[in-house]
Amino acid sequence: MTYRYDLKTNKKAYVPFLVIGAMVLVALSTFLFLEPIIAVIITAVALWVASKMLTSMKNIVSSRIETFTEGFNVYLSDGTKLEFEYSLISHAGLITNTDFVFAYEESLDRIVQLPPVFTDFSDFIEELKENVPCYRDYTLEEGQTIIDWLKIELGITNDDEESSESEEIDEKNDIEIEK
């Protein structure tokens, strides 16, 4: 099944379109009070910026999730395709604080976080629940990200990194002292 980006679910998605329209109208209004050559330059720049913004919006709207029996693919707005196999997903679930869904493949150290801006997103969640036995709902602490939570869950904390670095420094210091 294909779950496409849905502009209706993201209320802020219309803001760039309003900005583009306002920018073009303001640029065109410069013909009323500026010299024609300056107004043409301003309008040309505004149209160029508007076309770049529209291209970006088109890319965002082209984002989608495609599911199949063995897994799912996520097509990001930058054209990247992420492939996930249900059997390789080690952690997955709904982040109740944000309503984002995530899937993590520990063997490939790959994660995707999906906002609820896709059509029939609840159907995608149900499909994920049916195919991934490790699926569960998570509530994160204030300011905590799913990456932070995963580091703790997998035993990869900054304390471990700092302590291993300090042990290496201590060993180097011991060697220098012995010389």
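Here is a short report on the structure shown in this document. (Residues numbered from 1 in each chain as written. Predicted model: local features only at pLDDT ≥ 70, side-chain atom pairs only at ≥ 80, totals over all residues. Heavy atoms only, no water.)

**Thoughts on the packing of aromatic side chains**
- Under the defined criterion, the tally for this structure stands at nine aromatic pairs.
- A centroid spacing of 6.4 Å and a plane angle of 85° characterise the contact between Tyr5 and Phe118, whose relative ring orientation is edge-to-face. Of this pair, Tyr5 sits in the loop between β1 (2-4) and α1 (15-29) while Phe118 sits in the loop between β7 (110-114) and α3 (121-131), and the two are 113 residues apart along the sequence.
- Given a relative accessible area of 14%, Tyr5 falls into the buried group.
- Taking the ring centre of Phe84 as reference, the NZ or CZ of Arg110 above it sits at 5.0 Å. (Phe/Tyr/Trp six-rings, centres within 6.5 Å; stacked < 30°, edge-to-face > 60°. Helix = DSSP H or I, 4+ residues; strand = E, 2+ residues; numbered from the N terminus. Buried < 20%, exposed > 50% of the residue type's maximum accessible area, 1.4 Å probe, protein only. Lys NZ or Arg CZ within 6 Å of the ring centre and 35° of its normal.)

**Section: the pattern of salt bridges**
- Applying the stated rule across the entire model yields four salt bridges.
- When the shortest N-O distance is used, the salt bridge between Glu105 and Arg110 registers 2.8 Å.
- Here Glu105 falls in the buried class, since its relative accessible area comes to 0%.
- Its relative accessible area of 24% is what places Arg110 among the partly exposed residues.
- Where Lys129 meets Glu126, a salt bridge forms, and the shortest distance between an N and an O atom there is 3.6 Å. (Salt bridge = Lys/Arg side-chain N within 4 Å of Asp/Glu carboxyl O.)

**Some words on the sheet that holds β1**
- Spatially, the four strands line up as an open sheet ordered β1-β2-β3-β4, and their pairing is antiparallel. Since the sheet does not close on itself, it has two edges, and those belong to β1 and β4 (81-85), each with one partner. The average angle at which neighbouring strand axes cross in this sheet is 15°, direction not considered.
- Relative to β4, strand β3 (residues 71-75) runs antiparallel, the two being bridged by five bridges. Counterpart to Asn73 in the pairing with β4 is Glu83.
- On top of the sheet, α3 reaches β1, β2 (64-68) and β3; it is set at about 40° to β2, its chief contact. (Pairing = 2+ DSSP bridges. Axes fitted to C-alpha atoms, helices over the stretch in contact; angles between N-to-C directions. Contact = heavy atoms within 4.5 Å.)

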